Amino acid sequence: SNLIHKDGITIIDDCYNANPVSMQASIDVLAGAGGRRIAVLGDMGELGADEKELHAMVGRHFEGKKIDALFVTGVLAGEIAREVRTVSPATMVYEADTKEALIAELQQYKKSGDTILVKASHFMGFTEIVKALTE
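Residue numbering note: each chain is counted from 1, following its sequence as written. Where local features are concerned, this predicted model is filtered to residues with pLDDT of at least 70; where side-chain atom pairs are given and counted, the filter is 80 or more; whole-chain, interface and lining totals use all residues. Hydrogens and water molecules were not included; the side-chain quantities draw on all heavy atoms of the structure.

**Q** Describe in detail helix α4 (residues 99–109), supporting the description with residues and values.
**A** Burial classification: accessible surface area is computed with a 1.4 Å probe over protein chains only, and a residue below 20% of its type maximum counts as buried, one above 50% as exposed, and the rest as partly exposed. Think of it this way: any DSSP run of H or I at least four residues long counts as a helix, any run of E at least two long counts as a strand, and we number them from the N terminus. Looking at α4, one finds that the buried residues are K99, L102, I103 and L106. Viewed along the axis of α4, the buried residues span an arc of 100°, placing them on a single side of the element. Those residues of α4 hidden inside the fold are in contact with β3 (37–41), β4 (69–73), β5 (92–96) and α5 (127–134). The directions considered for the arc are those from the helix axis to the C-beta atoms. In this analysis, two residues are considered to be in contact whenever any of their non-hydrogen atoms come within 4.5 Å of each other.

See the structure below:
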């Protein structure tokens, strides 16, 4: 992952590769950050028949982590959001149909002092989200 500091915001750019173990590890890193903690997550690819359950497992990992907000987009990322709503009701959850909608909402939500984790498998193109946050 790559740490970027821009306008008082720390961005954890980890959008090249994603699997359940690396997602959970990144959530743990975010949980230890200062300021508001925001996770921006997308689909993990090539997980096989258990892909829905593995995404749900990532959502359950939010329990007790005190992540302030979760932004998701993707076919499977909704499974993460669904579990987060159950195990971490204090986390604000935003599901977007497109990356563009997610970026627009995230741009409105972010503020100085935030730490934002951006993570998904490479095919999701989340580098566009990092680019939008750093321009």
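**Q** Can you lay out the pattern of salt bridges for me, pointing to particular residues and giving the numbers?
**A** Throughout this description, the term salt bridge denotes a Lys or Arg side-chain nitrogen within 4 Å of a carboxyl oxygen of Asp or Glu. Overall, the coordinates contain nine salt bridges when judged by the stated rule. A salt bridge links K65 to D28; its shortest N-O distance comes to 3.2 Å. Here K65 is found in the loop between α2 (51–60) and β4, whereas its partner D28 is found in helix α1 (residues 20–31), with 37 residues between them in sequence. One salt bridge in this structure joins E135 and K131, with 4.0 Å as the shortest N-O distance. According to the relative accessible area criterion, K131 is exposed, its value standing at 52%. One salt-bridge network, held together by shared partners, links E53, R60 and E83.

**Q** Residue-level account of the pairing of strand β6 (residues 115–119), with values.
**A** For β6, a buried count of five out of five residues is recorded, marking the element as mostly surrounded by other parts of the structure. Here, any two strands with at least 2 DSSP bridges between them count as paired. Pairing analysis gives five bridges linking strand β2 (residues 9–14) to β6, with the strands arranged parallel. Paired with I11 across the strands is I116, a residue of β6. The pairing of β3 with β6 spans five bridges and is classified as parallel.

**Q** Describe the pairing of strand β1 (residues 2–6), listing the residues and the values that go with them.
**A** Relative to β2, β1 runs antiparallel, the two sharing five bridges. Its bridge partner lying in β2, L3 is registered against I12. Hairpin connection between β1 and β2: a loop of two residues separates the two successive antiparallel strands, and D7 in this loop has a positive phi of roughly 55°.

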